[in-house]
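Take a look at the letters that make up each chain.
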There are 2 protein chains.
Amino acid sequence: MAQKPSIPKGTRDFGPSEMARRNYIFDTIRSVYALYGFRQIETPAMENLTTLMGKYGEEGDKLLFKILDSGDFLRGIDASAFAEGGTPKLAAQLCEKGLRYDLTVPFARYVVQHREELTLPFRRFQIQPVWRADRPQKGRYREFYQCDADVVGSDSLLNEVELMQIVDEVFRRFGIRVCIKINNRKILTGIAEMIGQADKIVDITVAIDKLDKIGLDNVNAELAEDGIPADAIEKLQPIIKLSGTNAEKIATMREVLKDSEIGLKGIDEVEFVLNQFALVTASSQPGSASSLELELTLARGLNYYTGCIFEVKALDVEIGSITGGGRYDNLTGIFGMPGLSGVGISFGADRIYDVLNQLDLYPKEVSTATQLLFVNFGEAEAAYALPALAASRRAGIRAEIYPDAAKMKKQMQYANAREIPFVALAGESEMAAGKFTLKDMQTGEQKLVTVEELIAQIEQ
Amino acid sequence: MAQKPSIPKGTRDFGPSEMARRNYIFDTIRSVYALYGFRQIETPAMENLTTLMGKYGEEGDKLLFKILDSGDFLRGIDASAFAEGGTPKLAAQLCEKGLRYDLTVPFARYVVQHREELTLPFRRFQIQPVWRADRPQKGRYREFYQCDADVVGSDSLLNEVELMQIVDEVFRRFGIRVCIKINNRKILTGIAEMIGQADKIVDITVAIDKLDKIGLDNVNAELAEDGIPADAIEKLQPIIKLSGTNAEKIATMREVLKDSEIGLKGIDEVEFVLNQFALVTASSQPGSASSLELELTLARGLNYYTGCIFEVKALDVEIGSITGGGRYDNLTGIFGMPGLSGVGISFGADRIYDVLNQLDLYPKEVSTATQLLFVNFGEAEAAYALPALAASRRAGIRAEIYPDAAKMKKQMQYANAREIPFVALAGESEMAAGKFTLKDMQTGEQKLVTVEELIAQIEQ
């Protein structure tokens, strides 16, 4: 036998059970997005490299999968270009297309390209795979799905509130308890202003973030090592030690940032989102299990976000962020359409999959594919079963007939392996009575039933 | 402003309305597949080129999109390799991965790679995009979806019957009247045997297929031009003139092929599928609108199929085949696992989309995204609306609030552009009454209602 075939490293096949679980995740997110008025779009897997290059930093450019031009791909390339080895410059000559690296840049491209057709504010969601030539490792793949929703063309903070509600609703449906951390780029800018260290804000948040692990003295030592002057570290103390409820944190920060206009603006924004979210979730079912917490050390996508920043952590599983997002003010500027503000979130489907698996939270229906199998005893018996099979399907029951008249044992093994909960049998005596023997595979119980009774029993 | 961005030729963006329609198509096919016990799998967009090359003929190899290796892609390639230009051989050195060209080869690879986990017969469906570096033209794209279902590991003709039922059910749900043409490779082999012209069978079917257009004399002339001897053409006359019901055609063909064992086997197979299909659709709702017709000139995928061959034509729109399939006996042989028989179908989503558009057959719900818009008159009014918005969504109504307190006119224009059927307004007087004004955007009618009444009205 030839060598067993394989797939490229970092990619995955999804078999039927995994697909059922993944579809449950995607369908849940899709339904909630739709409930909030977001509409789906899809963009091509391949984008022009001119669209993708330079959008993800130098490192990102290297991680783009590039597609060799069709036909004579060497046409017009000078032979000397090959002397330097496989450089990014040569790659750009051999390839004019690449696979999308995320959904954000294609979305920005989409908005600019289709701006005449769009009604603003435009709320879109998009659930598609992306590809990155990253070194594969546990939990990091070269092909993975992103599930993004964004609103562009509106500055209103109600959009942020709605995105928090979406996060709350999605995880409520999954049964995953989460904490949503919120921060605001403007608060971080305010802090940097206050201590005169605008370029050190990332170092500062990284150091402060270690408070629980290494203690206050070590945080202060690390800040000093990072080159923050003693007086600035002194001023940072109330921020490092910040604790209490959101309201308490906000009160403290208002005092600390009282001289920073932008810092106070950031606090106002966070306060609005926190209050409105509390108002609307209080009016909702009590099942809303998410807490929303101001977290000043949250600094994700700092080069990118300009207002609120969010991150979601699962409370019952040790795993990184499972959802994140924020406001950006210049998404489409890179394509020559400045001044369009947007805010978005992205659910991490692969990590949510891991959390649902670990907590075993999938509803039972998710794993049930076929509900009913008709055993095949031969041509006449199969012909007798076919109308009943058709009637079952008309009633919405997912049903099959074993296609071959194989040994009974083999057919029952098939039903077991496929975890089919009901099996219908009809031999001579059932056919004479115009009935079927229906076997409940869980209890082993058998009943002689008409087609109508069979359907009723399974629908139960 | 910079140059408007674009996408690679032959690819498409799908905006919200197109996506709603496409999802309707995919969801319908997916539900019917599931109803018949097929389970979904997904395979990676990228496959190893060793998996793809040589599977689609020399022309197919050229149409594969190849992905430039990451890192130093020139490593280990001799400089002299570049002298000959961008040849396929050099491409294979620069690239070890390619984008999938269809779903069949990845499925075969999947079955062989995962054979230890699979329970046979294995019924899988797969709905994913494929990529081909074809010259783009009207109706032909470089990225398009395929919607395949296959059963492997069973020789039973019941699988063929079930696939015909699936086709019937899918098009019944779409409301598209179709004719399913059926043929069998064994019949064609029998005909070739009978006249001693095994290598001419494609020419023969092509010529016979023109009967309606060019008449019997011209068909016979074309057969002679194709090099078919006069006595063979004489023997073909009953086949060329074949007409009548399926039963009449079968009776004629039994007589014509009475000396060909394989030909008679093919007729038996077709007859079984026709009879069982008739039996089961007679037992079903009378709405089953497909006719199933023996069509001897159907010769699609002749190098590939070994038994029944199907093709579906829409009756009310001039367009090519919108679905096709057949039985193959050696799908996994190319990966070293011989002897596994399979049968499958593939729905052509893009053409079905065109047919549904031309006949305007989409259900009304498909185009309704958001059902209810709350107008935003300012911060206090928005805060009043949010709990009602949350209650509407809890009732399953897709609803939004306009995020900004923009001019009333702008918000109503937004509702119109988005085709939102209901708008809820609450200013001072509504707030004092604890109610909302609900406007039906179609009739213009306005009513003062409570939140419960508002929900009831929209759910109607």
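Residues numbered from 1 in each chain as written. Chains lettered and ligands numbered in written order. Predicted model: local features only at pLDDT ≥ 70, side-chain atom pairs only at ≥ 80, totals over all residues. Heavy atoms only, no water.

Draft legend 1. Main features of the pattern of salt bridges. Residues and elements named next belong to chain B. Taken as a whole, this structure holds 53 salt bridges over all chains when the rule is applied. Notably, a salt bridge pairs D350 with R22, separated by 3.5 Å at the nearest N-O pair. Within this pair, whereas D350 is found in helix 13 (residues 349-359), its partner R22 is found in helix 1 (residues 16-35), the two being separated by 328 residues in sequence. Each member of the pair, D350 together with R22, is buried. (Salt bridge = Lys/Arg side-chain N within 4 Å of Asp/Glu carboxyl O. Helix = DSSP H or I, 4+ residues; strand = E, 2+ residues; numbered from the N terminus. Buried < 20%, exposed > 50% of the residue type's maximum accessible area, 1.4 Å probe, protein only.)

Draft legend 2. The arrangement of the relation of the copies chain A and chain B in detail. Superposition record for chain A on chain B: RMSD 0.1 Å, screw rotation 180°, translation along axis 0.0 Å. Those values place the two copies in the arrangement expected of a two-fold rotation axis. Among all C-alpha atoms of chain A, that of I67 of chain A lies closest to the rotation axis, at 2.2 Å. Both copies share a contact surface, since 100% of the interface residues of chain A are interface residues in chain B too. (Least-squares fit on C-alpha atoms with pLDDT ≥ 70 in both. Contact = heavy atoms within 4.5 Å.)

Draft legend 3. Representation of the packing of helix 15 (residues 379-394) of chain A against helix 6 (residues 158-174) of chain B. The interhelical angle for the contact between helix 15 of chain A and helix 6 of chain B, taken along N-to-C directions, is 30°, at an axis separation of 13 Å. Overall, the two elements helix 15 of chain A and helix 6 of chain B adopt an arrangement that is roughly parallel. In this structure, the crossing between helix 15 of chain A and helix 6 of chain B has a hand that is right-handed. Note on element contacts: helix 6 of chain B touches helix 15 of chain A through L158, E162 and Q165 of chain B, opposite A382, L386, L389 and R393 of chain A. When grouped by side-chain class, the residues that make up the contact of helix 15 of chain A with helix 6 of chain B number four nonpolar, one polar and two charged. (Axes fitted to C-alpha atoms, helices over the stretch in contact; angles between N-to-C directions. Parallel < 35°, antiparallel > 145°, perpendicular 65-115°, else oblique. Left-handed = near helix turned anticlockwise from the far one by under 90°. Nonpolar A, V, L, I, M, F, W, Y, C, P; charged D, E, K, R; others polar.)

Draft legend 4. Spatial organisation of the interface of chain A and chain B. Between chain A and chain B, the contact holds 107 residues from the first and 107 residues from the second. At the junction of chain A with chain B, the criterion picks out eight salt bridges. Note that R123 of chain A is salt-bridged to E400 of chain B, the shortest N-O span being 3.8 Å. Broken down by element, the side of chain A that touches chain B gets its largest block of residues, nine residues, from helix 15 of chain A. Per-class residue counts for the side of chain A that touches chain B are 54 nonpolar, 29 polar and 24 charged.

Draft legend 5. Highlighting the environment of T332 of chain B. Residue and element names in this part refer to chain B. Of note, T332 is situated in the loop between strand 10 (323-328) and strand 11 (342-347). The buried category is assigned to T332, whose relative accessible area is 0%. Within the structure, T332 has its side chain in polar contact with the backbone oxygen of M337 (distance 2.5 Å). (Polar contact = N/O pair within 3.5 Å; in protein donor to acceptor, adjacent residues only side chain to side chain.)

Draft legend 6. A look at the domain arrangement of chain A. According to the domain assignment, chain A contains domain 1 (16-50 + 101-359), domain 2 (65-99) and domain 3 (368-459). Centre-to-centre separation of domain 2 of chain A and domain 3 of chain A, based on C-alpha positions: 59 Å. (Domains from an automatic or database assignment.)

Draft legend 7. Quick peek at the sheet that holds strand 12 (residues 372-374) of chain A. Residue and element names in this part refer to chain A. The sheet built from five strands is open, its strands ordered 13-12-14-15-16 with mixed pairing. Each edge of the sheet is formed by a strand with only one pairing partner; in this case those strands are strand 13 (399-401) and strand 16 (446-449). Within the sheet, the average angular offset between the axes of one strand and its neighbour, ignoring direction, is 25°. Pairing analysis gives three bridges linking strand 12 to strand 14 (residues 422-425), with the strands arranged parallel. Bridge pairing in strand 14 places L373 opposite V423. Helix-sheet contacts for helix 15 involve strand 12, strand 13 and strand 15 (436-440), and the interaxial angle to strand 13 is about 170°. (Pairing = 2+ DSSP bridges.)

Draft legend 8. Region of the structure containing the packing of helix 8 (residues 201-208) of chain B against helix 9 (residues 211-225) of chain B. Residue and element names in this part refer to chain B. Packing of helix 8 against helix 9 leaves a shortest axis separation of 8 Å and a crossing angle of 140°. Between helix 8 and helix 9, the interaxial angle falls into the category oblique. Contacts from I204, V206, A207 and I208 in helix 8 reach L211, V219, E222 and L223 in helix 9.

Draft legend 9. Quick peek at the environment of I180 of chain A. Residue and element names in this part refer to chain A. The topology assignment puts I180 in strand 7 (residues 178-184). Judged by relative accessible area, I180 falls into the buried class, the value being 0%. Sequence-wise, I180 and Y328 are 148 residues apart; in three dimensions their C-alpha atoms are separated by 19 Å. What I180 contacts, discounting residues up to four positions off in sequence, is M164, V167, S290, S291, L292, E293, E311 and V312.

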